[in-house]
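Next come the chains, spelled out residue by residue.
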Amino acid sequence: MPIRRRRLLTSAAAGLGAASVGPFVIRDLRAQDVLKIAGIHDTSGGLDIYGKQMVATMDLAVSEINAKGGLLGKQVKLINYDPQSNIQFYTQYATEAATKEKVAVVHGGITSASREAIRPLLKRFNTLYFYNTLYEGGVCDRNIFCTGSTPAQTVEKLMSYVMKKWGKKVYTIAADYNYGQITAKWIKKYTQDNGGEVVATDFFPLDVTDFGPTIKKIQAAKPDLILAPLVGAAHISFYRQWAAAGMNKQIPLASTTFGNEVVITSPEEHNGIHVVFGYLEGINTPENKAFVETIHTKYNIPHMTELAAMTYHGVHLWAEGVRKANSVDRMKVIEALESGLTFAGPAGKTTLDAKTHHNILDVYIGEAKDKKFVVLEKFPVQTPADTAAVCDLKKNPNDNKQYVIDVKT
């Protein structure tokens, strides 16, 4: 059975035609006059609630770059791949982008599993990689730049905030793969740092939709609050079943991942849920208001999350690196990106940290209210301290691993 692939080419060079070289030879300059980049994001399958908006913001960033003349005198051509929430397709498309299309950079991956599937491939093929998703932290690899937030930037702030507000007994329910497992460790660390206790931690595969037994366990444990790093369309069932059982009126809930779910669930199901991200749509700045208006009207996307905003930031940061390097040569661009490049956009000012290849960014705590998030508090200029504690690519440029916090869950 042939593999089904949805492939969309956007932001291609405009107005390029054939040029004459000598009296008898006609050659097409189209291929030479574009810079190819690739996006690998799920626009179908259970992760499409995140992927569709990442594709939209990547297209917007490329369109803006091209409208200003492109890069190095060339238009940027964006090749989008849909891996359909299937890890096998991630590896197939990353290989094609690097070897057949010979793209200058890949922006892609939603789950940490998808990142770890393609990260070694792109390193082997000497293709620069941007991972623009919030994640569990710890990746140390000179070939990758991670623009999303990490636990020391977000979970630390969230636990302090919600424990002061709600209490010290925490029950964690998390996605059962490396993001959920490692984030649960960070939740436990910061719960303990704030004088609290994680009374239980339950993990759920991404296809689980029945949370009835877990809700009964939570009722018996009587925690002060729930922390829910759940992921994907199936896990939305938890929030619906939680509200249907009336538990949202009894035990408050916070999440490190509840983002686009705010437009899929009802206000009755989500009002009061607290979140923490490196971006919220409710940020009250001219840059963000213009960004949101464009995405809503041009791309018909009803709500933007950190994944979408950092994809937008990531593309522009890469473009800044190309401009500074005056080249798309991988190592020249990496060295330029390591010079402390910044981009001021809808999420605020983000700066690439040379030591870790992670973003220094602002962090926002928000509350879900009537299909939107109200910004409750802002924490400016948060460094990726969790990764910086173990990763120093200046001293060890050949480091290539993911460090994991040693906390028992």
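Rules of the game
- Counting starts from 1 at the beginning of each chain's written sequence and moves along it residue by residue.
- Local features in a predicted model are, by the rule used here, given only for residues with pLDDT of at least 70; side-chain atom pairs are given and counted only at 80 or more, and totals for whole chains, interfaces and linings are based on all residues.
- With hydrogens and water set aside, each side-chain value is computed from the structure's full complement of heavy atoms.
- Elements are defined by DSSP. Helices are runs of H or I of four residues or more, strands are runs of E of two residues or more, and each kind is numbered from the N terminus.
- Just to be clear, the radius of gyration here is over C-alpha atoms, and the globule rule we use is 2.2 Å times residues to the power 0.38.
- Only protein chains enter the accessibility calculation, which uses a 1.4 Å probe. A residue is then buried if its area is under 20% of the maximum for its type, exposed if over 50%, and partly exposed in between.
- Any two residues whose heavy atoms approach within 4.5 Å at even a single point are treated as in contact.
- The Shrake-Rupley method, run with a 1.4 Å probe sphere, supplies the accessible areas, and residue values consider only the shown protein chains as cover.
- Cavity: a set of points on a 1 Å grid over the protein atoms alone where a 1.4 Å probe fits but cannot get out. Pocket: an open set with protein on both sides within 12 Å along at least five of seven lines, its lining residues, like those of a cavity, having an atom within 4 Å of a point.
- Grid points are joined across faces, edges and corners, and a volume is the space filled by probe spheres set on the points.
- Multiplying 1.5 Å by the residue count of a helix minus one yields the expected span of that helix.

Asks: I would appreciate a short explanation of the overall build of the chain in the present structure.
Replies: Regarding its fold elements, the chain presents 13 helices and 19 strands. In summary, the chain has a C-alpha radius of gyration of 22 Å against a globular reference of 22 Å for 409 residues, a match within 12%. The C-alpha extent of the chain, read off along each of the three principal axes, is 85 × 50 × 45 Å. Looking at the chain residue by residue over its 409 residues, the buried ones come to 59%. A separation threshold of at least 6 residues defines the contact pool for the chain, and within that pool the share at least 24 residues apart is 71%. Of the roughly 16200 Å² of accessible surface on the chain, 52% is carried by carbon and sulfur atoms.

Asks: What is the right way to look at empty space enclosed by the protein in this model?
Replies: To find leftover empty space, one rolls a probe the size of a water molecule over the atoms. A complete count under the given rule lists two cavities of 30 Å³ or more for this structure. Lining of the largest cavity is provided by 19 residues; of these, Y50, T133, L134, T257 and L307 occupy positions nearest its centre. For the second largest cavity, the calculated volume is near 80 Å³. Taken together, 13 residues make up the lining of the second largest cavity; nearest its centre are L134, Y135, T154, Y179 and T256. At the level of elements, α4 (151-166), α5 (178-193) and β14 (274-277) are the ones that each hand at least two residues to the lining of the second largest cavity. Take the lining of the second largest cavity: its biggest share by element is three residues, from α4.

Asks: What is the right way to read helix α11 (residues 306-325) from this model?
Replies: Helix length check: α11, at 20 residues, gives a terminal C-alpha distance of 28 Å against a target of 28 Å (1.5 Å per residue), a fit within 8%. Just downstream of α11 lies N326, where phi reads positive at about 55°.

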